[in-house]
Amino acid sequence: MAFQAQGFRSRMTGAEALCLTHRNESKSGEPPIVRVHSGCVTGDIFHSLRCDCREQLQCALRVIVAAAYGVLIYLPAHEGRGIGLFEKLRAYGLQEKGLDTVDANLALGAPVDARDYTLAAEILGYLGLTRLRLLSNNPAKANALREKQITILECMPIVVESNHHNERYMQTKRDRLSHGI
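Residues numbered from 1 in each chain as written. Predicted model: local features only at pLDDT ≥ 70, side-chain atom pairs only at ≥ 80, totals over all residues. Heavy atoms only, no water.

### Examining the sheet that holds strand E2 (residues 16-23)
Reading across the sheet, the six strands line up as E1-E2-E4-E3-E5-E6 and stay open at both edges, with mixed pairing between neighbours. The sheet terminates laterally at strand E1 (4-9) and strand E6 (151-156), the two strands that pair on one side only. When strand polarity is set aside, the average angle formed by the axes of neighbouring strands in this sheet is 25°. The strands touched by helix H7 (residues 139-147) within the sheet are strand E3 (33-38), strand E5 (131-135) and E6, with E6 carrying the most contacts at an inclination of about 170°. (Pairing = 2+ DSSP bridges. Helix = DSSP H or I, 4+ residues; strand = E, 2+ residues; numbered from the N terminus. Axes fitted to C-alpha atoms, helices over the stretch in contact; angles between N-to-C directions. Contact = heavy atoms within 4.5 Å.)

### A short note on the pairing of E6
Relative to E6, E5 runs parallel, the two being bridged by five bridges. Within E6, the residue paired with Arg-131 across the bridge is Thr-151. Taken together, E5, H7 and E6 constitute a β-α-β crossover, and its handedness is right-handed. (Right-handed = clockwise from strand over helix to strand, strands pointing away.)

### Section: the environment of Ser-178
Tracing the backbone through its elements, the reader meets Ser-178 in the segment after helix H8 (167-177). Taking the C-alpha atoms as reference points, Ser-178 and Ala-91, separated by 87 residues in sequence, lie 20 Å from one another. Discounting residues that sit within four places of it in the chain, Ser-178 has contacts with Asn-137, Pro-139 and Lys-173.

### Observations regarding the layout of surface pockets
Here the largest pocket defines a volume of roughly 650 Å³. Forming the boundary of the largest pocket are 36 residues, of which Arg-50, Cys-51, Arg-81, Thr-101 and Tyr-169 lie nearest the centre. For the lining of the largest pocket, the secondary-structure elements that each account for two or more residues are E3, helix H2 (53-66), helix H3 (79-82), helix H4 (85-96), helix H5 (101-107) and H8. Sort the elements by how many residues they give to the lining of the largest pocket and H4 lands first, with five residues. (1 Å grid on protein atoms, 1.4 Å probe; cavity = no way out; pocket = protein on both sides within 12 Å on 5 of 7 lines; lining within 4 Å. Points joined across faces, edges and corners; volume = space filled by probe spheres on them.)

Following this line, the structure appears as structure tokens:
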């Protein structure tokens, strides 16, 4: 599987992103499949069982490679739904005491979701992608991109299995954040 890699930096915030593009020349005519992936050090790199981030990333890469044209935008500044790695680790501690992921963020004085998709929309605009199929379970992500004038032709779910360690996390995403997983 071959990807073209490009780095981007927001002029406004300094936030960085990695964009991986894959084209399968044997297929054509399909709108691009795009995954905007929030960076997760604990899941993506260290394979934490507490979340489904790594599984979603791996699934997205498989779908993108199978498509005629696919793009993965990796946003490392989105760690912990935008609260950062240290605050996420503090939230983990609160989850150990019984709070779910939403209430843990709120108990820290952090928003439930602090992610901003401006840089992702700018990257899509740079690539000329204003109409796409979004690979996501998160309706807030789709709505945020729509607000940035990106036409979402289809929201394609990423289906991953839960495990004993992330069942509550996944249930919270479904029940409290309206994720379609």
